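Below are the chains, spelled out letter by letter.
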Amino acid sequence: MISFVLLILCLFRQEVNSFSFLLRRMQYRSEYAHSPGAIDPEPIAWTRRTRYSGKYPKNYNEKYKEHSRNATVVAKVIEKGGTPAGSHIPILVNEIVDLVPNASSSSKNNKTVVSMDCTLGYGGHTKSILNKLFKQQNTQFRHFMIDQDCIEMTKTKDRIEETFGAKNMACLSFHHLNFKDIESLISKECLHGQVDFLLADLGFSSMQIDDPARGFTYKVNAPLDMRMDVSSSGKTETAYEYLSRVRCKELEAVLKENSDECLALPLARALVTEPIPSTTTALADRVRACYKAHHLSSQQQRTGSTSSKEDLNKAVARTMQAIRIEINGEFQALDNLLSSLPGLLSPNGIAVFLTFHSGEDRRVKKAFKSGFKNGIYSEWSREVTRAGAEERRSNPRSKCAKLRFAIRSGLPPDGLQLET
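Residues numbered from 1 in each chain as written. Predicted model: local features only at pLDDT ≥ 70, side-chain atom pairs only at ≥ 80, totals over all residues. Heavy atoms only, no water.

Looking at this structure, I do not really get helix α17 (residues 358-373). What am I missing?
Along an α-helix, a turn takes 3.6 residues, which lines up residues three or four apart on a common side. Between its first and last C-alpha, α17 extends 22 Å over 16 residues, near the 22 Å set by a 1.5 Å rise per residue. The set of residues buried in α17 consists of Gly 359, Glu 360, Asp 361, Arg 363, Val 364, Ala 367, Phe 368, Ser 370 and Gly 371. Next to the buried residues of α17 lie α11 (248-259), α16 (330-344), β5 (345-355), β6 (377-380) and β7 (402-408). Of the residues flanking the end of α17, it is Gly 375, one or two places downstream, whose phi is positive at about 85°. (Helix = DSSP H or I, 4+ residues; strand = E, 2+ residues; numbered from the N terminus. Expected span 1.5 Å × (residues − 1). Buried < 20%, exposed > 50% of the residue type's maximum accessible area, 1.4 Å probe, protein only. Contact = heavy atoms within 4.5 Å.)

Structure, rendered in structure tokens:
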């Protein structure tokens, strides 16, 4: 009896799908029916959506309702503390927008406010910044959006144009660029000493983490890639290519510097041993095996305990973080941006940095402290700002975020040196 009912339900679903297809076909034809000399269009190829097992989709490509921004589904995902597939929830938005200068005060001096988002990503911070600037009456501003990820930038540009309208796009500009090369943009646009607000949201975005094809996560088997810029102009090698050529001593230093790894040498030896792991799960298995062989044995001798699955996964995450930072040159790019800040910011201009691990925060803190000591900055945030309890609950990825800012003094930067 149950089998018969299931059969009837399957047949009913097929009939509904076929009926929906016919409706779309009739609507498509009607668009051409009243056009003079119109010819019958090519038939629409009917494709079935991706099937998944169970009640809810688990894989990235199966979450078609989240990709299509279904309001009900997206709200449920966020309510549970998740991030909808293909999107990114911005962190500390209100705190960042509060630091955006009031454009009305600049308009009295006939000055155009210049703001810059060095890490556009999904565009969440930029949308909030633009909302504040557009609401201020009788103001002139220019907003520059920079990102090295050409895949996500194209999508974000369409979303921003849809939100603010094509008529408001004249004061906005998009640049496929790594912020380490920001000097070239500043020179091209004649913006030396003109930037009133600069934001850098460091690390990588949820879209990159969740998309298995990008190779940033060990939770799904995928090619070991981890490149931020996958365009033809980008010269970044993949993580697999990096491991195939790097020497053990060099990789050991990378693991220590980029992720404070305590088992840097054993991990480096394991990762450069043939065959080189070519997928994310192969890398994860290699790291876990190394930890079990070295770290767990010494820990058991001391305490008689064993590390949990969570501890092993954290070791994998640290290793992937170190490799990602190295192949994308993230620390070098950050150092370049920090050393360029004095020449970019206008008097009383504000630079805001969101960091997500100690290596990033150390560099930002050191540069701001040195700049304040040398008179470059009139103020800087000695204490970091963190996400509140409610934001950490609704967006767990905000837990490790730290916000720091610095305000440019009126002194010229010539001859002043920042320590990086």
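Just to check I follow, could you spell out the packing of helix α8 (residues 182-189) against α16 for this structure?
In a packed pair of helices, the relevant descriptors are the angle between the two axes and the axis-to-axis distance. Interhelical geometry of α8 versus α16 gives an angle of 20° and a closest axis separation of 10 Å. Taken together, α8 and α16 sit at an angle that is classed as roughly parallel. You can see that α8 and α16 cross each other, and the crossing is left-handed. Touching Ile 182, Glu 183 and Ile 186 of α8 are Leu 337, Ser 340 and Leu 344, all from α16. (Axes fitted to C-alpha atoms, helices over the stretch in contact; angles between N-to-C directions. Parallel < 35°, antiparallel > 145°, perpendicular 65-115°, else oblique. Left-handed = near helix turned anticlockwise from the far one by under 90°.)

Which parts of the structure should I look at to understand the pattern of salt bridges?
In a structure, side chains of opposite charge can pair up when their charged atoms sit close to one another. Taken as a whole and judged by the stated rule, the model has 15 salt bridges. Here Arg 363 and Glu 257 are joined by a salt bridge, their closest N and O atoms 3.1 Å apart. On the criterion of sequence distance, the pair formed by Arg 363 in helix α17 and Glu 257 in helix α11 is long-range, its members being 106 residues apart. Judged by its relative accessible area of 18%, Arg 363 falls in the buried class. Two residues, Arg 404 and Asp 361, come together in a salt bridge whose shortest N-O distance is 2.7 Å. With Arg 404 in strand β7 and Asp 361 in helix α17, the pair connects residues that are 43 residues apart, well separated along the chain. When its relative accessible area of 8% is taken as the criterion, Asp 361 is described as buried. (Salt bridge = Lys/Arg side-chain N within 4 Å of Asp/Glu carboxyl O.)

For this particular structure, what's the right way to read the sheet that holds β7?
Strands belonging to one sheet form pairs held by backbone hydrogen bonds; the direction of such a pair is parallel or antiparallel. Reading across from one edge, β3-β2-β1-β4-β5-β7-β6 is the order of the 7 strands in this open sheet, with mixed pairing throughout. With partners counted over all chains shown, the strands left at the sheet margins are β3 (172-176) and β6, one partner each. Taking each pair of neighbouring strands and ignoring which way they run, the sheet shows an average axis angle of 15°. Sheet topology note: the strand β4 (residues 195-201)/β5 ladder contains 6 bridges and is parallel. (Pairing = 2+ DSSP bridges.)

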